[in-house]
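Residue-level structure breakdown
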Number of protein chains: 2
Amino acid sequence: MKIIVDAFGGDNAPLEIIKGCAEATKELDIDIMLTGDEQEIRRVAKENEISLDRITIADAPDVITMEDSAGDIMKSKSNSSMAVGLKKLAADEGDAFLSAGNSGALVVGATMIVKRIKGVKRVAFAPVMPKDKGFFMLIDSGANVDCKPEMLRQFGVMASIYVEKVMGVKNPRVGLANVGVEDHKGGELQHAAFALLKDSPINFIGNIEARDIPFDAADVVVADGFTGNCILKLYEGVAMVMMGKIKKIFKKSVKNTIAASLIMKDLKGLKKEMDYNEYGGAPIMGAAKPVFKAHGSSKAKTIKSALRLTKAYVEGNVVQEIADSIQALKGDSEE
Amino acid sequence: MKIIVDAFGGDNAPLEIIKGCAEATKELDIDIMLTGDEQEIRRVAKENEISLDRITIADAPDVITMEDSAGDIMKSKSNSSMAVGLKKLAADEGDAFLSAGNSGALVVGATMIVKRIKGVKRVAFAPVMPKDKGFFMLIDSGANVDCKPEMLRQFGVMASIYVEKVMGVKNPRVGLANVGVEDHKGGELQHAAFALLKDSPINFIGNIEARDIPFDAADVVVADGFTGNCILKLYEGVAMVMMGKIKKIFKKSVKNTIAASLIMKDLKGLKKEMDYNEYGGAPIMGAAKPVFKAHGSSKAKTIKSALRLTKAYVEGNVVQEIADSIQALKGDSEE
């Protein structure tokens, strides 16, 4: 298996990306194709004594930054490490593509270059997030601000397959993010999506309230991209504010600092538990070949775990499974 | 000033409601009219030696429970403590109405019985919530699942007046909840609402991301009721999960339990800081007279602080200020 990796995406590129890939080739028994400035990749590898065994390089001089708009991947940045990686994937020169770069550009690039699975109305950004115990997949969390009911149904079907095949959850519970648990809750979009999800070959458990998401409401949370994005970011914001407040308590007095020293290790574990970056990233669900987003702040270890998930994404035959399930859905309107 | 209070709303009614009211009459120099089963109110007051000085009672045999649907306030529960209270307010027998009961019923009742301020398209449920330092008002947090852009503008105007007059924030910063901070972010609703809010006599600071809400993004966060409800409930959910995880850490070992005992007081303070119930409640913004919702779990102390806010709501002349500002808004479409 060969995974194409954007060597210049994310805050710690290219060093941590190259390092993570080099470790992954051995541990996961995969080949890697790095995209990016070849000279620079070779220089960084040499300087840090990283072996490029089982790693090839596809030269791509440009880099998409966080300041670029998503559309630039098709225009001024068509020679970027991300665009070249997606083109190599589309040309079947690899089995999957991984990037820690600009999420918006990756969604646009996946749609325009790799294309969607036949019948899939929109690709969705679907991070795996922590909850009280374990994780859940939030789909869509920002790729599609305005959604139609059929899109929400497809999100539920796609995420259900991914969570089962890649994350190993049997018969995952799929819930619709809503303002209450009763069937009739929500607006027009939720009413129509509820009916469609109920009529789908998934374990749809109905509406779930935002309050219950961090507990154990569902394994897959379906939302339009606007709502999903608010959930994703508020989740992070509240957790950060609380960790900050706890830190302040620990610095408040000598007594408190002593207490802190006793439990520091466990508290760091808590921080890690509530950090969605720890889960390695988010697939771009619905793309015709596996495209995976690692978090922008990824270091070598996170890149390696993202590569492990990307490998499972390929081996689980997720794209084909989605294609079959989408074909089998009845009543989808033609676009 | 006379404030009408629903003696049978909330988990701790009627005892804690009566107790809170009795204390408030003295501390806040107000008169109270309690609505509810008169015999029962007198019995509970006598049994607990609570003076009913400055408190009158309007007999209302029924109670709206959390299981009743919002519409029942106009039908089978039109003789409930909540419905009678709202009718007394509409008939000018008091200056404001306070209830710790069913929020949905209170929104419907305020709209149908007290009516809206002239020109106000919808009343909004607007809780005051904690952030890293201080608070913000979230409007709408669930009264209107489907919103039009003009409604979001009115929400911003109404909350801005309340936060300035009642909470004492000068020139409050009003932000629009969105998926990014750039002006063009969001869907159709946000685009149109952004333009209207920008053209309003408030301190509109533009779009804010959900991640920044718990920090210090704005004093007023404007959202449609669906998004606002998700924000409200997820806020609570994430905070609860984190507090639960911290508790678990403290029970993990003897060493940790010792650490916990050292900082327990400060941690309880943190829990209180992140608990939106502590802020006393939520006005029903846009009602033609002040209607205020105290949290369902309110005890006497919270009822007293809610009465303090309700008094400020009346004294700040908020309803008249809103009426004037709504009249002055240009370009509002007629319904």
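Our subject is the structure listed above.
Heads up: these notes are all about the structure in this document. (Residues numbered from 1 in each chain as written. Chains lettered and ligands numbered in written order. Predicted model: local features only at pLDDT ≥ 70, side-chain atom pairs only at ≥ 80, totals over all residues. Heavy atoms only, no water.)

Things to note about unusual backbone geometry
Short version of the rule: In DSSP terms, a helix is any run of H or I states spanning at least four residues, a strand is any run of E spanning at least two, and both are numbered starting from the N terminus.
Cis geometry is found at the peptide bond from A:Ala13 to A:Pro14, where omega equals 0°. Locating A:Pro14 in the fold gives a position in the loop between β1 (2–6) and α1 (15–28). Residue A:Ile139 is joined to A:Asp140 through a cis peptide bond whose omega torsion reads 0°. Of note in this structure, A:Asp92 is not a glycine but carries a positive phi near 65°. Tracing the backbone shows A:Asp92 in the loop between α3 (81–90) and β4 (96–99). Of note in the backbone geometry, B:Glu49 takes a positive phi value of approximately 50° without being a glycine.

Observations concerning the relation of the copies chain A and chain B
Filter applied, for reference: Superposition of the copies used a least-squares fit over C-alpha atoms from residues whose pLDDT is at least 70 in both.
Relative to chain B, chain A is turned by 180° and slid 0.0 Å along the rotation axis, the superposed coordinates differing by an RMSD of 0.0 Å. Expressed as an axis order, the relation between the two copies is that of a two-fold axis. Distance from the rotation axis, computed per C-alpha, reaches its smallest value in chain A at A:Ala259: 2.1 Å.

A closer look at the environment of A:Ser261
Residue and element names in this part refer to chain A. Put simply, the rule reads: Here a polar contact is recorded for every N or O atom pair within 3.5 Å, except that within protein the pair must consist of a potential hydrogen donor and a potential acceptor, and residues adjacent in sequence are included only if both atoms are side-chain atoms.
For Ser261, the position within the fold is in helix α8 (residues 254–273). The sequence separation of Ser261 and Ala143 amounts to 118 residues, and the corresponding C-alpha distance is 42 Å. At a separation of 2.6 Å, a polar atom in the side chain of Ser261 contacts the main-chain carbonyl oxygen of Ile258.

Focus: the sheet that holds strand β6 (residues 128–130) of chain B
All names here are of chain B. Selection criterion: At least two bridges found by DSSP between two strands is the condition for calling them paired. Helix axes use the C-alpha atoms of the stretch in contact, all axes being lines fitted to C-alpha atoms, and the angles between their N-to-C directions lie in the range 0 to 180 degrees. Contacts were defined at the residue level, with two residues in contact if any of their heavy atoms lie within 4.5 Å.
Taking strand neighbours across the sheet as the criterion, the five strands line up as β6-β7-β10-β8-β9 in an open arrangement whose pairing is mixed. In this open sheet, the two edge strands, each paired with only one partner strand, are β6 and β9 (203–209). The sheet shows a mean angle of 35° between the axes of neighbouring strands, direction not considered. The pairing of strand β8 (residues 173–178) with strand β10 (residues 220–222) spans three bridges and is parallel. Paired with Val174 across the two strands is Val220, which belongs to β10. Helix-sheet contacts for helix α6 (residues 188–198) involve β8 and β9, and the interaxial angle to β8 is about 170°.

Re the interface of chain A and chain B
This is how the line gets drawn: Each of two parts loses accessible area, computed with a 1.4 Å probe, when they are put together; buried area is these two losses added. Basic side-chain nitrogens of Lys or Arg form a salt bridge, by our definition, when they fall within 4 Å of a carboxyl oxygen of Asp or Glu. Classes in brief: Ala, Val, Leu, Ile, Met, Phe, Trp, Tyr, Cys and Pro nonpolar; Asp, Glu, Lys and Arg charged; the others, Gly included, polar.
Contact residues are listed per partner, giving 53 residues for chain A and 53 residues for chain B. Regarding the contact of chain A and chain B, the summed buried area is about 4,800 Å², with carbon and sulfur atoms giving 73% of it. Inspection of the region where chain A meets chain B yields six salt bridges. Two residues, A:Glu209 and B:Lys233, come together in a salt bridge whose shortest N-O distance is 2.3 Å. Linking chain A with chain B are 14 residue pairs in polar contact (both at pLDDT 80 or more). Among the secondary structure elements, those contributing two or more residues to the side of chain A that touches chain B are β8 (173–178), α6 (188–198), α7 (225–250) and α8 of chain A. Here the residues of the side of chain A that touches chain B sort into 29 nonpolar, nine polar and 15 charged.

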